[in-house]
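Remarks on the overall topology
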Amino acid sequence: MADRTILILLGPPGAGKGTQARVLADRFGLVQLSTGDLLRAAVAAGTEAGRAAKAVMEAGGLVSDEIVLAILKDRMAEPDTARGIILDGFPRTAGQAAALDVLLAQKGEAVTAAISLEVDDAAMIGRISGRFTCAGCGEGYHDEFKRPASPGVCDKCGGTHFNRRADDNAETVAQRLKAYHAQTAPLIAHYEGLGVLEPVDAMQDIDKVAAAMGAIVARVAA
Ligand code: ADP
Ligand code: ADP
Ligand code: ZN
């Protein structure tokens, strides 16, 4: 797997990481690995990791590095990731970033690019409170910024069931933004130091952000 493309998407909750990861995955044949999605699946399945993570996630805190790393490591080794992966929501702490560097180095790999989605915090509450997702295929939508073309029907799969996340409420979002600034924002300097940081203005429309990110990936991907 020496020539896998390894992309990291950095940015606060609501920045557009999940939305853009899906676009990039389709366009470049990469696999989106969202630690949030993996953790929510573990909670739903009632695994040991899921039981440990549930209350922390509901409060808007960060799940322990140990749990997150264990879940991610297994997923990164699966055969469908051979062309490359997009890490969406990972790493989120200095410990996770260091562990990822070691894990990749052991396989002769390295981070291809860390794309930093630059946004105004003040806009994130609005993005998160309007967020909903297709229950069938996971496509993300927004009450104002990305409505399905036909109301109540998913553009991608035709599904008619949608979910809103329990942690997408104003109180929890404030906690999540705090956790982002305290523990995740410092990683921007880490990736700048590694020479792989790629900042993007993520206050633009979804399509414009997608074009800017696509141009970066086209330039750096194997
Ligand atoms: P993250 O994964 O970073 O938490 P999402 O991709 O889920 O963020 O986006 C949060 C919400 O904002 C979703 O409802 C999404 O449709 C919407 N959104 C994403 N990018 C933009 C953008 N550039 N402008 C406006 N709304 C956006
Ligand atoms: P968002 O991008 O909107 O913040 P995510 O789906 O990425 O949402 O994460 C939801 C929650 O899952 C986080 O608030 C946190 O509790 C947990 N989580 C996800 N990824 C990580 C991670 N890498 N480390 C620790 N906790 C995580
Ligand atoms: Zn769908």
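Here is a short report on the structure shown in this document. (Residues numbered from 1 in each chain as written. Chains lettered and ligands numbered in written order. Predicted model: local features only at pLDDT ≥ 70, side-chain atom pairs only at ≥ 80, totals over all residues. Heavy atoms only, no water.)

Position of Gly 14 relative to the elements: it lies in the loop between β1 (5-10) and α1 (17-28). Accessibility expressed as a relative area gives 12% for Gly 14, which makes it buried. Taking the C-alpha atoms as reference, Gly 14 lies 9.5 Å from Leu 177; in sequence the two are 163 residues apart. Not counting residues within four places of it along the chain, the set of residues in contact with Gly 14 comprises Met 124, Arg 127 and Ile 128. (Helix = DSSP H or I, 4+ residues; strand = E, 2+ residues; numbered from the N terminus. Buried < 20%, exposed > 50% of the residue type's maximum accessible area, 1.4 Å probe, protein only. Contact = heavy atoms within 4.5 Å.)

A separate point is the sheet that holds strand β7 (residues 162-163). Strand order in the open sheet formed by 3 strands is β6-β5-β7, and the pairing between neighbours is antiparallel. Looking along the sheet, the strands with just one partner apiece sit at the ends: β6 (140-142) and β7. Two elements, strand β5 (residues 131-134) and β6, share 3 bridges in a ladder whose sense is antiparallel. Bridge pairing links Arg 131 to His 142 in β6. (Pairing = 2+ DSSP bridges.)

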